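Inside the fold
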Amino acid sequence: MQAQPEATIPLPRPTILIAGTVVLLALVAVLALRPTPRNDLRRADDLFTAGHFYAARAAYATLADRWPTFAPAWLRLGIVATLRNEPISAEHAFAAALRANPQPADTNLIRLYQGQLAARVGQTAQARQYWGQIDTNSALVPAQQLLNAELLLNQGDYAEAEASYRRALASRALPGRGRVLASTRLALLRAASDPTAASALLAAIPPTTATSHSELLDPLLPPANPSATEISAALAAPADQRPQLLGQLYLGARLYALAEAQFASVGPENPNALAAAAYAAYTRWSAGDRAEGLRRLQALAEQYPNEPRARALLALALLNNRDDAAARRELEAVRTLAPNAPDTHLAWGQWYVAQHDYVAAAEAYRLALRDAPAEQRGNYALALAQFYVATGFRLCENGRDAANTATALLPSAPQAWAALAAARLSCGDASGTRAAANQALQLSPSEAEASYYLGRALAALGERDLARQAFIQAADSAPASGWRTRAEQQIAALGL
């Protein structure tokens, strides 16, 4: 007889719903536990935002290796490489990000960074081509306008640069650091022709506020040099001194046309007239017109043979031109005119360093310190200490004492404590190095040089974990500098 199938007992509807809910909850739990790149990305971004670029780079690299088609990881690897001045690695990472089909906002950020990479090496057309690919409705357009303004400023196109800064500032989407930079640059450009408007711009600089993408954008923006404080100080000077001070600010910022115009505006009745004429000639030389700049300096030296500043600048130009014999003749004349001026001694010190005559150079720097006014002795002591550190010449015999003098005269200067740390390290005083480096870092936590020397000292004392932390801090404090390179070389060499 054929077997009859077993009868099924229908489940009540509530029971079916409960069972289904249990299955769905289990599925959700499984999906929640499944690894996703987003959680790791957030943790890596937290490191980046905190300025821990070394750790963030490792985290992004691990993420990209695990999820090779995850565009945000490659984007951020490119950003970190850009900040570390590793353009080849940056371009490789950005190309990988683009192959991974990034979101439109990330594509715009990639183009912004690629444009800046090109601008850094003078590829103006390439930079603008990248920036031209940014969506016109993107929140990054004001940042692109700001970076383009920086490019125009460096090219000497001041009118277009000012217009681009103003366009960037007109948008609320410009990040806080960008607003500070644009306002400071505008004040610098306005200072020459409209000091009142420049002062108003400086007074109205807003506090920084975060905007979309600002964490990934802010590190790309250069610092404002000169700073708002320096510009304000020049604008507050008496009217007869202001052109000279502004000219020196422009010269330091390599805004040569503005600098030369300020120096040229100093009238012959002004006590600074000869100095201004000398600086104007030196500015022309610095701007690349070496022949004309040198001709003007030589003419001033012949017309005013008793003016030491013209001869000193002429000597500096000749020294940079590798015309050591002619530079020495001018320095001899300067020494005759101002034998005890500390800057005369410093000029000779630079000349001796160029000749690798460190004995004579050290003596010249020592004389500069001896003859310096009391209120300026700290700066000359620091120059002497840094000479010993840079050359390594008699660092233990004399350099350590010079650095001690610098810290005594400039107790609030982190550079003086960093010089003392360097001297102590070279003399085998690891504990003293640690103390000096820590003092520098208390004064300036971002002092990469001091962090590097602290790492060296801690490694010598057997504190390997702390040494690694100090080297990483050095790398993070100045990611595009030689200190980052040296710190990472130490990490590798010591196996930290």
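Keep in mind that this is a model prediction, so the values were computed, not measured. (Residues numbered from 1 in each chain as written. Predicted model: local features only at pLDDT ≥ 70, side-chain atom pairs only at ≥ 80, totals over all residues. Heavy atoms only, no water.)

If you tally the helices and strands in the chain, you get 28 helices and zero strands. Taking 2.2 N^0.38 as the reference for a compact globule, 496 residues should give roughly 23 Å; the C-alpha atoms of the chain span a radius of gyration of 30 Å, well beyond that estimate. Taking the principal axes of the C-alpha coordinates as reference, the chain spans close to 135 × 55 × 35 Å. A burial count over the chain gives 47% of its 496 residues as buried. Taking the contacts inside the chain whose residues are at least 6 apart along the sequence as the reference set, 52% of them involve residues at least 24 apart. Carbon and sulfur atoms form 53% of the exposed surface of the chain, whose accessible area is close to 24,700 Å². (Helix = DSSP H or I, 4+ residues; strand = E, 2+ residues; numbered from the N terminus. Rg over C-alpha atoms; globule rule 2.2 N^0.38 Å. Buried < 20%, exposed > 50% of the residue type's maximum accessible area, 1.4 Å probe, protein only. Contact = heavy atoms within 4.5 Å. Areas by Shrake-Rupley, 256 points an atom, 1.4 Å probe, with all protein chains shown as cover.)

Two elements in contact, helix α10 (residues 176-191) and helix α11 (residues 195-203), have axes whose closest approach is 8 Å; the angle formed by their N-to-C orientations is 165°. When the axis of α10 is compared with that of α11, the two are roughly antiparallel. The handedness of the crossing between α10 and α11 comes out as left-handed. Each of Ser 183, Thr 184, Leu 186, Ala 187, Arg 190 and Ala 191 in α10 lies in contact with α11, whose residues at this interface are Pro 195, Ala 198, Leu 201 and Leu 202. Split by residue class, the contact of α10 with α11 holds seven nonpolar, two polar and one charged. (Axes fitted to C-alpha atoms, helices over the stretch in contact; angles between N-to-C directions. Parallel < 35°, antiparallel > 145°, perpendicular 65-115°, else oblique. Left-handed = near helix turned anticlockwise from the far one by under 90°. Nonpolar A, V, L, I, M, F, W, Y, C, P; charged D, E, K, R; others polar.)

The α-helix advances 3.6 residues per turn, and as a result positions three or four apart in sequence lie on the same side. Between the first and last C-alpha of helix α24 (residues 414-426) there are 18 Å, a value that for 13 residues agrees with the 18 Å anticipated at 1.5 Å per step. Among the 13 residues of α24, eleven are classified as buried, and the element is accordingly described as predominantly covered. Listed as buried for α24 are Pro 414, Ala 416, Trp 417, Ala 418, Ala 419, Leu 420, Ala 421, Ala 422, Ala 423, Arg 424 and Leu 425. In this fold, the buried residues of α24 make contact with α22 (377-391), α23 (395-409), α25 (430-443) and α26 (448-460). Of the residues flanking the end of α24, it is Gly 428, one or two places downstream, whose phi is positive at about 80°. (Expected span 1.5 Å × (residues − 1).)

Let us now look at unusual backbone geometry. The omega torsion across Asn 225 and Pro 226 is 5°, close enough to zero to call that bond cis. Looking at where Pro 226 falls in the secondary structure, it is placed in the loop between α12 (214-217) and α13 (228-236). Not every positive phi belongs to a glycine, and Arg 254 is a case in point at roughly 65°. Note that Arg 254 resides in the loop between α14 (242-252) and α15 (256-264). The exposure class assigned to Arg 254 is exposed, which follows from its relative accessible area of 63%. In this structure, Arg 322 is a non-glycine residue whose phi angle is positive, near 65°. Residue position: Arg 322 is located in the loop between α18 (308-320) and α19 (324-337).

Turning our eyes to something else, we now look at the packing of aromatic side chains. All told, the structure shown has 15 aromatic pairs when counted by the stated rule. Between Trp 348 and Trp 351 the ring centres are 5.8 Å apart and the planes differ by 70°, which places this aromatic pair in the edge-to-face class. Of this pair, Trp 348 and Trp 351 both sit in helix α20 (residues 342-354), three residues apart, which is roughly one turn of the helix. Centre to centre, the rings of Tyr 365 and Phe 387 are 5.0 Å apart; their planes meet at 20°, and the pair counts as stacked. One end of the pair, Tyr 365, is in helix α21 (residues 358-371); the other, Phe 387, is in helix α22, and 22 residues separate them in sequence. The rings of Tyr 358, Tyr 365, Phe 387, Tyr 388 and Phe 393 are connected pair by pair, giving a single aromatic cluster. The ring of Trp 285 has Arg 290 sitting right over it, with the charged end atom 3.9 Å from the ring centre. Directly above the ring of Trp 348 sits Arg 335, whose terminal nitrogen or CZ lies 4.1 Å from the centroid. (Phe/Tyr/Trp six-rings, centres within 6.5 Å; stacked < 30°, edge-to-face > 60°. Lys NZ or Arg CZ within 6 Å of the ring centre and 35° of its normal.)

What follows is about the state of the cysteines. Per the stated rule, a full pass over the model turns up one disulfide. Across the disulfide, Cys 396 is cross-linked to Cys 427 (sulfur-sulfur distance 2.2 Å). The sign of the -125° torsion about the S-S bond sets the Cys 396-Cys 427 disulfide as left-handed. Taken together, the residues span a long stretch of sequence, with Cys 396 in helix α23 and Cys 427 in the loop between α24 and α25 at a distance of 31 residues. Look at Cys 396 and you get partly exposed, because its relative accessible area is 33%. (Disulfide = S-S within 2.5 Å.)

Moving on to the nonpolar core. Membership of the largest hydrophobic core comes to 148 residues, with the highest contact counts inside it found for Phe 48, Ile 79, Leu 112 and Tyr 165. Once residues lying within four places of it in the same chain are set aside, the contact partners of Leu 112 are Trp 131, Ile 134, Leu 140, Ala 143, Gln 144, Leu 147, Leu 217 and Leu 220. (Core = buried A, V, L, I, M, F, W, Y, C linked by side-chain atoms within 4.5 Å.)

In the predicted model, the chain carries a mean pLDDT of 90, and the fraction of residues at 70 or more is 92%. Here residues 26-33 is a poorly scored stretch, pLDDT under 50, and it has zero contacts once near neighbours within four places are set aside; other chains count. (pLDDT = per-residue confidence, 0-100.)

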